[in-house]
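Coordinate inspection notes
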Amino acid sequence: MLSLSSPQVMQETALRWKQEGKRLALVPTMGALHEGHLALVRAARSLADKVVVSIFVNPLQFGPSEDFARYPRSFEQDSNKLEELGVDVLFSPSDKEFYPDGFVTRVSVSQLTENLCGKFRPGHFEGVATVCIKLFNTTQADVAVFGEKDFQQLRVLQQLSADLNLPLGIIPHPTIRDADGLALSSRNRYLSDTQRNAALRIPKATAAALEATQSPTATVAQVLMAASHWLESPDTRIQYLDVVSETNLVPVSPETPISTILLPRLCLAIWVGPTRLIDNVELVRRTLLLDSPERQV
Ligand code: AMP
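Anyway, here's the lowdown on the structure attached to this text. (Residues numbered from 1 in each chain as written. Predicted model: local features only at pLDDT ≥ 70, side-chain atom pairs only at ≥ 80, totals over all residues. Heavy atoms only, no water.)

1. A few points about helix H1 (residues 7-19)
Applied cut-off: Helix and strand assignments follow DSSP, with helices taken as H or I runs no shorter than four residues and strands as E runs no shorter than two, numbered in order from the N terminus. Helix span is expected to be 1.5 Å times the residue number reduced by one. Whether a residue is buried, partly exposed or exposed follows from its accessible area with a 1.4 Å probe, protein chains only, as a fraction of its type maximum: under 20%, in between, or over 50%, in that order. By definition, the arc is the one covered by directions from the helix axis to the C-beta atoms. Any two residues having at least one pair of non-hydrogen atoms within 4.5 Å are treated as being in contact.
For H1, with 13 residues, the first-to-last C-alpha span of 18 Å sits near the 18 Å given by 1.5 Å per residue. Inspection of H1 places Pro7, Met10, Thr13, Ala14 and Trp17 among the buried residues, and these make up the whole buried set. Here the buried residues of H1 occupy an arc of 130 degrees about the axis, which is enough to place them on one side. Opposite the buried face of H1, by more than 90 degrees, sit the exposed residues Gln8 and Gln19. Its buried side turned inward, H1 meets strand E1 (2-4), strand E2 (24-29), strand E3 (50-55), strand E4 (89-91), helix H4 (95-98) and helix H6 (124-139). A positive backbone phi angle near 85 degrees is found at Gly21, which sits one or two residues after H1.

2. A closer look at helix H3 (residues 75-84)
Of all the residues in H3, the buried ones are Asp78, Ser79 and Leu82. The arc that holds the buried residues of H3, viewed along the axis, is 100 degrees, so those residues lie on one side. Of the residues in H3, the exposed ones pointing more than 90 degrees away from the buried face are Glu76, Gln77 and Glu84. Once H3 finishes, Gly86 follows within two positions and takes phi at roughly 75 degrees, a positive value.

3. So, the site of the ligand
To be explicit about the condition: Nearness is judged by heavy atoms alone; a residue qualifies as near a molecule or strand once a single heavy atom is within 4 Å of it. Definition of a polar contact: a pair of N or O atoms within 3.5 Å, with one able to donate and the other able to accept a hydrogen when the atoms are protein atoms, and with sequence-neighbouring residues admitted only if both atoms are side-chain atoms. Note on areas: these come from Shrake-Rupley sampling with a 1.4 Å probe, and a residue is covered only by the protein chains present in the view.
In the region of the ligand, 17 residues are neighbours, and Met30, His37, Asp150, Ile176 and Leu184 sit closest. Contacts to the ligand include Met30, whose backbone N or O atom sits 2.9 Å from an oxygen atom. Between the ligand and the protein, one listed contact pairs an oxygen atom with a side-chain N or O atom of His37 at 2.9 Å. When the free accessible area of the ligand is taken as 490 Å², the share hidden by the protein chains comes to 93%. Looking at the shell around the ligand, the elements that each hand over two or more residues are E2, helix H2 (35-47) and strand E5 (143-147). The element that contributes the greatest number of residues to the shell around the ligand is H2, accounting for three residues.

4. Observations concerning the packing of aromatic side chains
Stated formally: For Phe, Tyr and Trp, where Trp contributes only its six-membered ring, two rings pair if their centres lie within 6.5 Å, and the inter-plane angle classes them as stacked under 30 degrees, edge-to-face over 60, or tilted in between. Distance and angle both matter: a charge sits over a ring if NZ of Lys or CZ of Arg is within 6 Å of the ring centre and within 35 degrees of the ring normal.
By the definition in use, this model includes nine aromatic pairs. Ring geometry for Phe62 against Tyr71: centres 5.9 Å apart, planes inclined by 75 degrees, an arrangement best described as edge-to-face. On the basis of relative accessibility, which here comes to 10%, the residue Phe62 falls in the buried class. Site record: aromatic cluster; members linked through ring pairs are Phe56, Phe91, Phe98, Tyr99 and Phe103. The ring of Phe98 has Lys134 sitting right over it, with the charged end atom 4.6 Å from the ring centre. In this arrangement the basic side chain of Arg265 is found over the ring face of Phe151, its NZ or CZ atom lying 3.9 Å from the centre.

Given below as structure tokens:
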């Protein structure tokens, strides 16, 4: 595995491979790798001849009061894991290499970033879009794999790619969870045993929401009530809990029947002590949509 930090050398390497007719897949990460990241890497492996994994804790996507400084960093272990998976390049630029003095460009995607995380993390998705377009260009990737765990991020990057005619495919990957249902996240490392137990209220809430959705007349309000039953507790604080349509990520009004929403998804951000966790679940499986011709946006 090549370990590169220079964007220029990364791009030259990628261009050489492209000239040889190789297909490149990129998996962007911020490191502290877990099985969720590794699943994306395996998917990338099956899609391309060369796999590039980036590790870059992107300062642009953290707000001033967020956890940039204490974000977990475990480069040696990460590098060993990627080597074992047969990754071709680990690309990890320094902050100065990726954002040299005088860097002033920002890429901004509107509308899809107005709700959910975008509402509470001003500038976050601008930071994500900016770093991703730099990573796409630097690695010359044909495809980039992103987890549904960060569903709004995935939708923003799909939109960016379509709007700017980027010559790469954005490939979604399902969320990987622990056996007890908690979505894997680098930030789970912040949790004490007691806090991890409290965090299990999240998969219980999404399961309750799915259960409530089983009723053909279920409304958004009923589904949200089933979920908030688990999340309104002394150990957890809801930042947002919304049912949205995947098409526009706009929260749907409470009286709306779930059965009338196109691609309904429950999205949430929950504080467990000082740690903010996000998760989401599709409320109606895509295969079921095939026999529901009356669905609308
Ligand atoms: P991060 O390092 O948190 O920026 O995540 C890098 C990539 O891994 C993003 O595309 C995330 O959506 C994805 N990812 C993180 N956690 C999971 C998970 N539990 N399952 C699937 N993908 C994930």
